[in-house]
Amino acid sequence: MHITTHETWMELAYREAEKAYEKDEVPVGAVVVAQKKVVGRGYNMVESLQDSTAHAEMIAITAASETLGSWRLDEAVLYVTKEPCPMCAGAIYLSRIPHVVFGVSDSRMGACGSAVDVLHNSILHSNVAVTVGILEARCLGILQAFFKKVRKGNNHSER
């Protein structure tokens, strides 16, 4: 019997991040898993869509809601390569996702405990389970490679 692990699902999120990298987007990828299958996936598309809300998590959550026919994702797990920002953490909270798994923390914009903690907020009555550090080195590596490329001037958009 094959046992699916956090690493297995994060690998799929990482593949989404690679798609973003290839399109000169900040390489963050996400998948939403419910009933042991991917029901939503996404990668950053902020530059291609010229939409500040087109983060990987937002796209994956929207796709999952469409697939499942409900905005309530209360039996799903979100896997994302980088710690969600406040906007995405808000979407996680509002969609009732009970568990978030991410690869690398974001001390500047992370809203799952690094910069702020939207997902463990007593005022919001939010208590989302968070698992940190899955495929961390790979998730960090693709981000570092991307920003090194941007600094070298191989990308014309501002980040």
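Our subject is the structure listed above.
Worth saying up front: this structure is predicted, and the values here are computed from it rather than measured. (Residues numbered from 1 in each chain as written. Predicted model: local features only at pLDDT ≥ 70, side-chain atom pairs only at ≥ 80, totals over all residues. Heavy atoms only, no water.)

> Outline the overall build of the protein chain, listing residues and values.
Secondary structure assignment for the protein chain yields 5 helices and 7 strands. For the protein chain, the N- to C-terminal ordering of α and β elements is α-β-β-α-α-β-α-β-β-β-β-α. Computed over its C-alpha atoms, the radius of gyration of the protein chain comes to 15 Å, within 12% of the 15 Å expected for a compact globule of 159 residues. Across its three principal directions, the C-alpha atoms of the protein chain cover 45 × 40 × 30 Å. The buried share among the 159 residues of the protein chain stands at 42%. Across the protein chain, contacts joining residues at least 24 apart in sequence account for 57% of those joining residues at least 6 apart. Carbon and sulfur atoms provide 53% of the accessible area of the protein chain, an area that totals close to 8500 Å². For the protein chain, the distance from the average site of its 16 positive side-chain charges to the average site of its 18 negative ones is 4 Å. (Helix = DSSP H or I, 4+ residues; strand = E, 2+ residues; numbered from the N terminus. Rg over C-alpha atoms; globule rule 2.2 N^0.38 Å. Buried < 20%, exposed > 50% of the residue type's maximum accessible area, 1.4 Å probe, protein only. Contact = heavy atoms within 4.5 Å. Areas by Shrake-Rupley, 256 points an atom, 1.4 Å probe, with all protein chains shown as cover. Lys, Arg positive; Asp, Glu negative; His and termini not counted. Charge placed at Lys NZ, Arg CZ, Asp CG, Glu CD.)

> Pulling in residues and values, what's your account of the environment of L68?
The residue L68 is located in helix α3 (residues 56-68) in this model. When the C-alpha atoms of L68 and L12 are compared, they prove to be 19 Å apart, with 56 residues separating the residues in sequence. Aside from chain neighbours lying at most four places away, what touches L68 is A34, V39 and L73.

> Explain α3 to me, using residue names and the numbers behind them.
With 13 residues, α3 ought to run about 18 Å at 1.5 Å a step, and its terminal C-alpha atoms sit 18 Å apart, in line with that. Looking at α3, one finds that the buried residues are A56, E57, A60, I61, A64 and S65. Down the axis of α3, the buried side of the element spans an arc of 155°, and every buried residue falls inside it. Exposed and oriented more than 90 degrees from the buried face of α3 are T62 and E66. Summarising the contacts, the buried residues of α3 are in contact with β1 (29-34), β2 (37-43), β3 (76-82) and α4 (86-94). G69 sits one or two residues past α3 and shows a positive phi near 70°. (Expected span 1.5 Å × (residues − 1). Arc of directions from axis to C-beta.)

> Before we move on, can you summarise the nonpolar core with the specific residues and values?
Ranked by internal contacts, the top residues of the largest apolar core, which has 39 residues, are M10, V32, L78, Y79, I92, V100 and L119. Look past the residues within four positions of Y79 in its chain and what remains in contact with it is H6, W9, M10, A13, G29, A30, V31, V33 and V101. (Core = buried A, V, L, I, M, F, W, Y, C linked by side-chain atoms within 4.5 Å.)

Read these as geometric descriptors, not functional statements.
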